[in-house]
Amino acid sequence: MNKEAKIYIAGHRGMVGSAIKRKLEQEGFTNFVTRVSSELDLRNQQQVADFFEQEKPVYVFLAAAKVGGIVANNTYRAEFLYDNLQIQNNVIHSAHLNGVEKLMFLGSSCIYPKMAPQPLEEDYLLTGPLEETNEPYAIAKIAGIKMCDAYRAQYGCNYISVMPTNLYGYNDNYHPQNSHVLPALIRRFHEAKEQDLSSVTIWGTGSPKREFLFADDLAAACYYLMENYNEPGLVNIGTGEDLSIKELAELVKETVGYEGEITFDTSKPDGTPRKLMNVSKLHSKGWKHTIELPEGIKLAYQDFLSKQTVSQ
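Quick caveat: nothing in here was measured; it's all calculated off a predicted structure.

Points about the UniProt feature "binding site: substrate" (unreviewed entry) in the chain
Move 1: According to UniProt, the positions carrying the feature "binding site: substrate" (unreviewed entry) are R188, W203, R210 and D270.
Move 2: Here R188 shows up in helix 6 (residues 181–194).
Move 3: The exposure class of R188 is partly exposed, given its relative accessible area of 35%.
Move 4: If we skip the residues at most four places from it in the chain, R188 touches V200, T201 and I202.
Move 5: For W203, the position within the fold is in strand 7 (residues 199–203).
Move 6: Looking at W203, the relative accessible area reads 54%, which means it is exposed.

Spelled out as structure tokens, the structure:
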């Protein structure tokens, strides 16, 4: 990547986009073009076409998407399919029309079949039915991957796709209802500590296993692949290591300094038993994560505390 070249990060204010921007700034890049959604509606074909024609970015990171948890995915099925298809179609096609040198498309682990073997390999894409609750979002993301490959095949575009595992880190969402499991646990243990509660109850048995990657590690991997990877298909980005929800809860409890008990409500669902990425392809390209989970949770908790201070 040329240090002087103009870079467009779609979704630059989110956890992933902001981490990518931080990484590029650390590497000496300064020529960024960004727009917030009120300035540029990525679902609007004409707005996106005008933006690309005016700005002519050389590199594009497509980290913008309509995202949400299980309830949102299942409730707003039409919006999750339509909005994400529009965002991808408009950005990828306008990138092609305006000679973007390289584009990275970020997917989601829900693209893999619900019952795919563990750990998840890139070759498992489209080998079985998807998880029903987030199928519209998954189909949009699969279409994005295939669109990048199709534009590579027909037009010679150097567009690559990456598939991050579960992410956490700076600028995460700690909303009581809408956050993912790790930031939700940080908030719940923190509030239990503040309120001097005797126990924290967690849904399920605590036995499901999950993999977590710090967002700044994802950003480092994205930068590395933009520099070194130029192939069709997709690349899993993760640690290749997982732990049970019970073990995760114990880690968060210790980090927060909560001294009460953890109880499990086994009447509530566990979800998928395991979701682990096979990252041998990424490792074979020469990149491995550096931030281990205990350290990452400490950094995330400090970020949560800083946001609590600001909001008070």
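Focus on the pairing of strand 7
Move 1: Along strand 7, the buried face is formed by V200 and I202; none of S199, T201 and W203, which line the opposite face, is buried.
Move 2: Across five bridges, strand 7 lies against strand 12 (residues 261–265) in parallel orientation. The partner of W203 across the bridge, within strand 12, is D265.

Focus: helix 6
Move 1: Across its 14 residues, helix 6 extends 20 Å between first and last C-alpha, which sits within 8% of the 20 Å expected from 1.5 Å per residue.
Move 2: Regarding helix 6, the residues found buried are L182, P183, A184, L185, I186, F189, H190 and A192.
Move 3: D196 lies just past helix 6 and shows a positive phi near 55°.

Regarding the sheet that holds strand 5 (residues 159–164)
The strands making up a sheet associate through backbone hydrogen bonding, with each pair oriented either parallel or antiparallel.
Move 1: Across the sheet, six strands lie side by side as 2-1-3-4-5-10; this open sheet has parallel pairing. In the strand order of this sheet, the two ends are held by strand 2 (32–33) and strand 10 (234–237), each with one partner.
Move 2: When strand 5 meets strand 10, the two strands line up parallel, connected through four bridges. Bridge assignment links S161 to a residue of strand 10, and that residue is L234.
Move 3: Here helix 7 (residues 215–228) sits on the sheet and contacts strand 3 (59–62), strand 4 (102–106), strand 5 and strand 10; the angle it forms with strand 4, its principal contact strand, is near 145°.

Observations concerning unusual backbone geometry
Move 1: Residue P119 follows Q118 across a cis peptide bond; omega there is -10°.
Move 2: Looking at where P119 falls in the secondary structure, it is placed in the loop between strand 4 and helix 5 (135–155).
Move 3: Positive phi is not limited to glycine here, since L126 has a value of about 65°.
Move 4: Taking relative accessible area as the criterion, L126 reaches 56% and is therefore assigned exposed.
Move 5: The phi dihedral of N171 falls on the positive side, at around 65°, and the residue is not glycine.
Move 6: Along the polypeptide, N171 turns up in the loop between strand 6 (166–168) and helix 6.

What counts, and where the lines are drawn
- Residues numbered from 1 in each chain as written.
- Predicted model: local features only at pLDDT ≥ 70, side-chain atom pairs only at ≥ 80, totals over all residues.
- Heavy atoms only, no water.
- UniProt positions renumbered as here; feature names shortened; annotations may be inferred.
- Helix = DSSP H or I, 4+ residues; strand = E, 2+ residues; numbered from the N terminus.
- Buried < 20%, exposed > 50% of the residue type's maximum accessible area, 1.4 Å probe, protein only.
- Contact = heavy atoms within 4.5 Å.
- Pairing = 2+ DSSP bridges.
- Expected span 1.5 Å × (residues − 1).
- Axes fitted to C-alpha atoms, helices over the stretch in contact; angles between N-to-C directions.

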